[in-house]
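Listed below are the residues making up each chain.
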Amino acid sequence: MSDVSNSTVAPPAQRFTSFAEFYPFYLGEHRNSTCRILHFCGTSIALTLTLYALWSGQYWLIVVAVIQGYAWAWVGHFGFEKNKPASFKQPLYSFMGDWVMWFQLLTGKIKFSG
């Protein structure tokens, strides 16, 4: 029988049954103001590229939009927030959270800092 302390055992993966339950967790993973700014920039670029791709018929730009959206966000997480993006474990809720947070930042419901 091995002696394993509780500190070496990974906590069980957190499961969310709804987006409403997930979103407070999502915001908690975005406390750093630089991370929020980078998310906002990446999402704005992704939105602009997607709209332009649809308008111009240059659909290959949608791939670039996805890369841009995630690249800016991941720089925020790995470089400033010092955590792993929620999209690694909760991709759909995380994608939804990106857009809700973007809109709330845009409208001032939540702040870029703090």
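Along each chain, the written sequence defines residue order, and numbers are assigned to residues from 1. Confidence filtering applies because this is a predicted model: local features only for residues at pLDDT of at least 70, side-chain atom pairs given and counted only at 80 or more, and all residues used for totals across whole chains, interfaces and linings. Neither water nor hydrogens contribute to the side-chain values; these are computed over all heavy atoms in the structure.

### Section: the overall build of the protein
Move 1: Only DSSP runs of H or I with at least four residues qualify as helices, and only runs of E with at least two residues qualify as strands; both kinds are numbered from the N terminus onward. Across its full length, the protein holds 4 helices and 0 strands.
Move 2: Burial here depends on accessible area, computed with a 1.4 Å probe over protein chains only, as a share of the maximum for the residue type. Under 20% is buried, over 50% is exposed, and the range in between is partly exposed. Looking at the protein as a whole, 35% of its 114 residues qualify as buried.
Move 3: By the convention used here, residues are in contact when the closest approach between their heavy atoms is within 4.5 Å. Across the protein, every contact between residues at least 6 apart in sequence was considered, and the portion connecting residues at least 24 apart equals 67%.
Move 4: For the area figures, the Shrake-Rupley method with a 1.4 Å probe applies, and any residue is considered shielded solely by the protein chains shown. Surface exposure of the protein reaches about 7500 Å², of which carbon and sulfur atoms provide 67%.

### A look at the confidence of the model for the protein
Move 1: Each residue carries a pLDDT score, the predictor's own confidence in it, on a scale running from 0 to 100. Confidence in the prediction of the protein, expressed as mean pLDDT, is 88, and 88% of residues score 70 or more.
Move 2: Of all the helices and strands in the protein, helix α1 (residues 19-28) carries the lowest mean pLDDT, 94, while helix α2 (residues 33-56) carries the highest, 97.
Move 3: Overall, residues 1-12 carries pLDDT values under 50, and its contacts beyond four positions in sequence, including any with other chains, amount to 1 contact.

### Section: the packing of α1 against helix α4 (residues 91-107)
Move 1: Packing of α1 against α4 leaves a shortest axis separation of 10 Å and a crossing angle of 65°. Compared by their axis directions, α1 and α4 come out roughly perpendicular. α4 is crossed by α1, and the crossing has right-handed handedness. Side by side, α1 and α4 meet where Phe19, Phe22, Tyr23, Tyr26 and Leu27 of the first sit next to Tyr93, Ser94, Met96, Gly97, Asp98, Val100, Met101 and Gln104 of the second. A fitted line through C-alpha atoms represents every axis, and for helices the fit uses only the stretch in contact; the resulting angles, taken between N-to-C directions, go from 0 to 180 degrees. Orientation labels follow simple angle bins: below 35 degrees gives roughly parallel, above 145 gives roughly antiparallel, 65 to 115 gives roughly perpendicular, and whatever is left gives oblique. Should the near helix be turned anticlockwise from the far one by less than a right angle, the crossing is termed left-handed; should it be turned clockwise, right-handed.

### Overview of the environment of glycine 42
Move 1: Its location among the elements puts glycine 42 in helix α2.
Move 2: The class of glycine 42 is buried, set by a relative accessible area of 0%.
Move 3: Linking glycine 42 and glutamine 68, residues 26 residues apart in sequence, is a C-alpha distance of 5.8 Å.
Move 4: Those residues in contact with glycine 42, other than ones at most four positions away along the chain, are Gln68, Gly69 and Trp72.

### Some remarks on the side chain of histidine 77
Move 1: You can see histidine 77 is positioned in helix α3 (residues 61-81).
Move 2: Residue classification places histidine 77 among the buried positions, given a relative accessible area of 2%.

### Description of unusual backbone geometry
Note: most peptide bonds trans; most residues except glycine with negative phi.
Move 1: For lysine 82, which is not glycine, the phi dihedral falls at a positive 60°.
Move 2: Secondary-structure assignment places lysine 82 in the loop between α3 and α4.

### Some thoughts on the nonpolar core
Move 1: As used here, the term nonpolar core means buried Ala, Val, Leu, Ile, Met, Phe, Trp, Tyr and Cys residues forming a set that is joined through side-chain atoms within 4.5 Å. By size, the foremost hydrophobic cluster in this structure holds 12 residues: Phe16, Phe19, Phe22, Tyr23, Tyr26, Phe40, Ala86, Tyr93, Met101, Trp102, Leu105 and Ile110.
Move 2: Contributing elements (two or more residues each) for this core: α1 and α4.
Move 3: Ranked by size, the runner-up nonpolar core spans 5 residues in total, among them Ala46, Ala53, Leu61 and Ala65.

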